[in-house]
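# Inside the fold
Letter by letter, the chains look like this.
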Amino acid sequence: MLNDAVIDYCSLSRFQLHHGKARCSKSTSGCVFFSVMEERSSIVKTSLNNVLAQRKSKSYRRSMRSCVEATNLGYTSGHLTALRIPRSRRTPKSRDITKQVDPDQVALLVKKEWELSYVTPLYQFRHTQLKSYSKHLSAFIVSEKQQGLAIEVGQELGFKVNFSVVLGLAETDEDAETVFIQILSRQVFAAKDDAQKVVWSGWLTCVNGDLEYLRSLPSEFVSLPLLCTRGPESLTVLVKSWFEKTFDCCFGPLGINSTNLQWLAALWIGCHPTINIQYLKLVWTLPTLPPMDVKYTIHPQDAWELWDSVRQDDTTDVSIEEVTRFIKGLQSHFFRHFRIELSAGSLMQVSTALGSSHHSGKIKIASPTYITTILQLLTECALLKMPI
Amino acid sequence: MAKAANLSKSDLDSSSGSDLSVSSRTSNRSLRVVEKERRKNEAGDPFLLALKYFSEVEAGTPCIGNDVLERNLVQVERVGLSRGLPPEAISVMLDYAMSLRMGGMMCVRVLKFLIPATMVPQEAVVRAVAWLCVSKIAISTQVLFLRWVLTVFDMIDSKDNLRAIYGFIFHFVTEENLSPYICHLLYLLTRRESVRPFRVRKLLDLQTKMGRQPFLLLLLSLYKVFCPELVALALPSRMRSGFKNHNSTWKAALSAVQKRNNSQVSSDISLTLGVKHKTNSRKRKYHHLEVPSLSSSVQRNSPFSSSRKVFPLEQLHTFPQLLDNLHRIELPSQMGSLLGSSLALCYLDYVQDDSAFLRLNFWLGHALHEEFLFCSGDGSSGSSSGALHLLNRLLSTQHFLQEGFSSTEGFLYKFLNVWDGSLLRPQILGLLSGIPVVPSSCINQLLFEPLVQLFFTSTLFFKCSVIDCLNNMLLKWLTWHSVYALEDGLDISFHSHTPMNMTLSGFMDSVVELVRFVGRLSAVGLQLEGCHSLLLSFILDFYETVCDMFLKYGLPLVVMPPVGVFYPALFATDPVSLDRLGYIMYRYKKNLTSAKCQQQETKQAFHISRQTYREFNHYLSFMVSCLWNSKMFLPGMAIEVDQELLSLSKVAEPWTSFDLIHHPAFLGYALDFHHKCWPERKEMDLNSIKAGKQWDWYLEFLFSQGFQGLQQFVQSSITRRSAAGTNDQGQGDRQPTNS
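Residues numbered from 1 in each chain as written. Chains lettered and ligands numbered in written order. Predicted model: local features only at pLDDT ≥ 70, side-chain atom pairs only at ≥ 80, totals over all residues. Heavy atoms only, no water.

A count of helical and extended segments in chain B gives 32 helices and five strands. Out of the 739 residues in chain B, the part that is buried amounts to 52%. In chain B, 73% of the contacts between residues at least 6 apart in sequence involve partners at least 24 apart. In the structure as shown, chain B presents an accessible area of about 33,800 Å², 53% of it carried by carbon and sulfur atoms. (Helix = DSSP H or I, 4+ residues; strand = E, 2+ residues; numbered from the N terminus. Buried < 20%, exposed > 50% of the residue type's maximum accessible area, 1.4 Å probe, protein only. Contact = heavy atoms within 4.5 Å. Areas by Shrake-Rupley, 256 points an atom, 1.4 Å probe, with all protein chains shown as cover.)

Right, let's get into the pattern of salt bridges. Scanning the model with the defined rule gives 15 salt bridges over all chains in all. With a closest N to O distance of 2.8 Å, A:D248 and B:R359 form a salt bridge. Remark: B:R359 occurs in helix α17 (residues 354-374) and A:D248 occurs in the loop between α6 (233-247) and β13 (251-253); the pair is interchain, linking two chains. Considered together, A:D248 and B:R359 belong to a single accessibility category, that of buried residues. The closest approach of N and O atoms between B:R580 and B:E544, which form a salt bridge, is 3.2 Å. Separated by 36 residues along the polypeptide, B:R580 in helix α27 (residues 575-602) and B:E544 in helix α24 (residues 533-546) bring together distant segments of the chain. Looking at B:R580, the relative accessible area reads 14%, which means it is buried. Accessibility expressed as a relative area gives 27% for B:E544, which makes it partly exposed. When salt bridges with common partners are traced through the structure, they connect B:E70, B:E77 and B:R109 into a single cluster. (Salt bridge = Lys/Arg side-chain N within 4 Å of Asp/Glu carboxyl O.)

Residue and element names in this part refer to chain A. Residues at a pLDDT of 70 or more form 75% of chain A, whose mean pLDDT is 77. The least confident element of chain A, judged by mean pLDDT, is helix α1 (residues 15-28) at 30; the most confident is strand β12 (residues 226-230) at 96. Considering only residues more than four positions removed or in separate chains, one finds that residues 1-82, a stretch of pLDDT under 50, has 201 contacts. (pLDDT = per-residue confidence, 0-100.)

This part is about the nonpolar core. Nonpolar side chains in soluble globular proteins generally cluster together in the buried interior. Among the nonpolar cores identified, the biggest contains 252 residues, and A:F243 and B:Y698 are the most heavily contacted of them. With 13 residues, helix α22 (residues 460-488) of chain B is the largest single contributor of residues to this core. Beyond its immediate chain neighbours, meaning those up to four positions away, A:F243 contacts A:L122, A:F125, A:F163, A:I181, A:L204, A:D248, A:C249 and A:F251. Judged by nonpolar contacts, the second largest core, of 85 residues, contains B:V79, B:A89, B:V125 and B:L216. (Core = buried A, V, L, I, M, F, W, Y, C linked by side-chain atoms within 4.5 Å.)

This brings us to the packing of aromatic side chains. All told, the structure shown has 47 aromatic pairs over all chains when counted by the stated rule. Ring-pair connections join several aromatic residues into one group, and the members of that group are A:F125, A:Y133, A:F163, A:W242, A:F243, A:F247 and A:F251. Seen from the ring of B:F455, B:K463 lies directly overhead, with NZ or CZ sitting 5.8 Å from the centre. Positioned above the aromatic ring of B:Y613 is the side chain of B:K596, whose terminal nitrogen or guanidinium carbon lies 4.4 Å from the ring centre. (Phe/Tyr/Trp six-rings, centres within 6.5 Å; stacked < 30°, edge-to-face > 60°. Lys NZ or Arg CZ within 6 Å of the ring centre and 35° of its normal.)

It is worth spelling out the pairing of strand β19 (residues 362-365) of chain A at this point. All names here are of chain A. A one-sided burial pattern is seen for β19, the buried positions being I363 and I365 and the unburied ones K362 and K364. Sheet topology note: the strand β5 (residues 113-119)/β19 ladder contains three bridges and is antiparallel. In the strand pairing of β19, E115 is matched with K362. Pairing geometry for strand β18 (residues 355-358) and β19, over four bridges, is antiparallel. Paired with S356 across the strands is K364, a residue of β19. (Pairing = 2+ DSSP bridges.)

Each regular strand displays side chains that alternate between the two surfaces of the sheet. Residues and elements named next belong to chain A. Buried residues dominate strand β15 (residues 292-298), accounting for six of its seven residues. Relative to β15, strand β14 (residues 280-286) is paired through seven bridges, and the arrangement is antiparallel. Bridging from a neighbouring strand, L280 pairs with I298 of β15. Hairpin connection, β14 to β15: the antiparallel pair is bridged by five residues.

Another point: the confidence of the model for chain B. All names here are of chain B. The pLDDT averaged across chain B works out to 79; a share of 81% of its residues lies at or above 70. Taking the mean pLDDT of every element in chain B, the minimum, 39, falls on strand β5 (residues 730-732) and the maximum, 95, on α24. Across residues 378-382, where pLDDT falls below 50, the model places four contacts with residues more than four positions away in sequence or in other chains. The ipTM assigned to the predicted complex is 0.80, against a pTM of 0.77.

A few words now on the packing of α24(B) against helix α26 (residues 563-570) of chain B. All names here are of chain B. As a packed pair, α24 and α26 sit with axes 11 Å apart at the nearest point and diverge in direction by 120°. When the axis of α24 is compared with that of α26, the two are oblique. As α24 runs across α26, the sense of the crossing is left-handed. Mapping the contact onto sequence places L536, I539, L540 and Y543 in α24 and V565, P568 and A569 in α26. Considered class by class, the residues forming the contact of α24 with α26 number seven nonpolar, no polar and no charged. (Axes fitted to C-alpha atoms, helices over the stretch in contact; angles between N-to-C directions. Parallel < 35°, antiparallel > 145°, perpendicular 65-115°, else oblique. Left-handed = near helix turned anticlockwise from the far one by under 90°. Nonpolar A, V, L, I, M, F, W, Y, C, P; charged D, E, K, R; others polar.)

Residue and element names in this part refer to chain B. Secondary-structure assignment places N591 in helix α27. In this structure the side chain of N591 is engaged in a polar contact, spanning 2.8 Å, whose partner is the backbone nitrogen of L551. Separated by 2.8 Å, the side chain of N591 and the backbone oxygen of R587 make a polar contact. (Polar contact = N/O pair within 3.5 Å; in protein donor to acceptor, adjacent residues only side chain to side chain.)

A word on a nonpolar patch on the surface. On the surface, a cluster of nonpolar side chains totalling about 230 Å² of accessible area is made up of B:F456, B:V524 and B:L528. With respect to the helices and strands, the residue B:L528 is situated in helix α23 (residues 504-528). (Patch = residues over 30% accessible without salt bridge, like charges linked within 9 Å, V, L, I, M, F, W, Y side chains within 5 Å.)

All names here are of chain A. As for its placement among the helices and strands, R89 is situated in strand β4 (residues 88-90). On the basis of relative accessible area, R89 is assigned to the buried category, the value being 10%. In this structure, the C-alpha to C-alpha distance between R89 and L377, residues 288 residues apart in sequence, is 9.2 Å. Once you skip the residues sitting within four places of it in the chain, R89 turns out to touch N260, W263, T316, D317, V318, L377 and E380.

All names here are of chain A. Between L289 and the following residue, P290, the backbone shows a cis peptide bond with an omega angle of -5°. Topologically, P290 is positioned in the loop between β14 and β15. Even without being glycine, K111 reaches a positive phi, approximately 65°. With respect to the helices, strands and loops of the structure, K111 is situated in the loop between α3 (103-109) and β5. Take K111: its relative accessible area is 61%, and that puts it in the exposed class. The phi torsion at Q278 lies on the positive side, around 70°, for a residue other than glycine. Mapped onto the fold, Q278 is located in the loop between α7 (258-270) and β14. Take Q278: its relative accessible area is 47%, and that puts it in the partly exposed class.

The structure is reproduced here in structure tokens:
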């Protein structure tokens, strides 16, 4: 942090000039040097269907899958996936989800920072069994905390677990409904009637998950690929371990790579006409010795104008090229002033008034209006991590 | 009781006759039994009389100063401690002791010599438990009795009735002094149906009263195995050892009796459940590498669950158990745990459950991806031993199931692109050799492209191991083919739910692709490594598989090696390579001739292309003229060298330089032979070997040096003119002609 270069509200007075140049370069060859890593993400989309519904029996038969799987082998900045990486997205549409979702539940989700994980499909998870899951999880937590003490399931304990469904977040029929989990703890010296304190919360969700992938899963599996958690690490570990034991699933950390951070920045900028995003703050880390963090804050109006100028037409889709061009525009502007090539570093953090997200897999959604757009992107990231 | 006494007597006879030799025992046994029985019935066996006494003695008989009692007791005690008591005697004595007919002192004394010779009748134990419920036995004696039951538990003939009185036994658990033993006994008797909520609650009450007693926790952990929905428990790692042994009182006597009777309680530990006690010290970071432990699932959704007759895999310890419970085994909560247990894998292979495989694949794929592709545990050096462990286990599992997992396969295709070729090489190549047939349309992109890059940029040893890996892969594909082709007829098209069906021709395409690929790799590899004989040896291994595809695996396909492999092998400086080339050519010939026969006989659609025959004939004639006829560098042959250039080399008779005598691989043998033939000669004249009988002898000499491949080649491909003594000894013969 010694070398932090903090630039606040860079004036973009000379922007038009630069922006004209950007247009120029678009017409010729596009962003040449920027697309080093991301261009490799171009892969052929093919059917993933039947990947999962494979039977084990005969070797020949099994080998089919490998072929199917093979064709959508992709390679993106160190991560390999079997699913398609989207090259374009819909523009975020503002949607008042409080009409579909209980506002109290929405309030639980927004304005908090969540840590992200991905989850493989849950085996025999039933939305109807949430009550018994609550009992089991609380008994499990207590028994793990007190090694060597048997706990009766269903007994009143120091920890109380609430499982609940957040109805209405799902976008398609294939999306499983979101499940919200709260762990409450009774304070040691609290009176009987005192309200218990929430010590941990988390939710499993799937918004607009890849239809083919979800359909290819056998009916015993429920895919809720994205887990957001908040609370002490020890409890997160216990909850994950209980899920692993109960639903035979696996958890892994879900980072947001720089491409996805760029997507988020673009999506948030796109919201500016309807909701004032107030600022666009980007943080880069440059591989110098010692590493240099660059915090780059842009006035929302400037950012919007740049974004508007790189948009090719007013279609509802935003393409990866537009996003890249937008970021490249910001980077060249920075270079013009400070002679620091931001593209040599990696984008670590993006934040606006609508929310913020960090490379290490943290996200905060401030406004419920665009929550589905963000969750869709995160669901996508989580599905890309699925091993099969 | 009289009948029982009779039976026991014959039992005794058989055990008392153990000092006789085995043969006489078996032959004379029945005769002897009859005779002894008669004699004893007359005289009265003191042991039987003693038993009779104890079964009939009335309650309240004084024991102090009772000589009859003492005499009988000593009689039974002696038998008990030396040979062990027969089941009937156990029954009588236990009933006598536990009924306290002569007081507690007697009871203790009897229990101490109650050593079973063969087995303990269940009814005796049940009756004793009944006595335990009604009579006023001293606590210490009760403990002794329970310890005795635990010691002989494996010798109780059946446990059904004992399980029927589970509730009565459970009742004693609240007795503070008894509860460790009762818990142990219950642990041995518990079935799923005996785990009830009220019992769980009772035990938990006891836990609050007595604290964390190991015996309670062990029983509760078993309850958790059967009904995880009732009880939650995390056993501390130090407590996983199990119950103590309580057999101290009887141990010595019991083992002596068992040794004497030669009837040890069989303990078959043929297949073990592997990973029970693993180090838990590994950090959370590498959590994904840990194989989860077997535990039953909370969810009861299987069709058997309603019947309550479910057998958790956790309880499975022997193969017979597996066979007995095959119909009601319940899969564990985490399928990844199966990797640690070969028994469980047997079951998995048997059930063929789609979702079970999918669960296993999810777990495995996740572990592999996290470790090798996502690298989320950033200190990859620390986890390498864990990764090694996992891969080794995966390899042995795949070896055991004789099939690869689909998640492994998917992982490998991705990993090959980023692999440096040295990280865990044996394991990765081992897994790679196990992948199922890859359709020819994508084999290039998935397999060949990444392999080519690795192959040409790595060391000789890596090249060898890649060729070896591909050889193993081909062997596995061919084996699958031969198995399933037999099963489904020659046309292998499956009406499955997959979009593509692999037909025989599809399979052949894949095999051809693979063989050609290895051909290309080999040719260039040999050039790069200067025809290194180690690499050549691995390549010849591969072609030993290829040349026999038709005869050995029933695949109507013959692919010849490329020139880049054939000539380096032919001109190799070591005789072994040449010998193996001879063998390979011999097998090619066998395969081609029989393919031709079959083609003519059955008029089947398949045929091996003329090009293949042409290539073979070409190689064969070159080999014969080079090795046998000393004809080289002639116009029209594969290797032509300008005459002037040859003369520049100043080699005399260059055309002979690769025949069986002058070939660098055999020159040493030729010199040796020359020396043996003409020990007195001072001047070396190798050409003299070619003359007359010496040539035959020389061949014999070579064959006797272990060049079987060469021998087969010569015998199959060269017909020799009987006219001996002419200069022209052999004639290349081209049998499989192109039609």
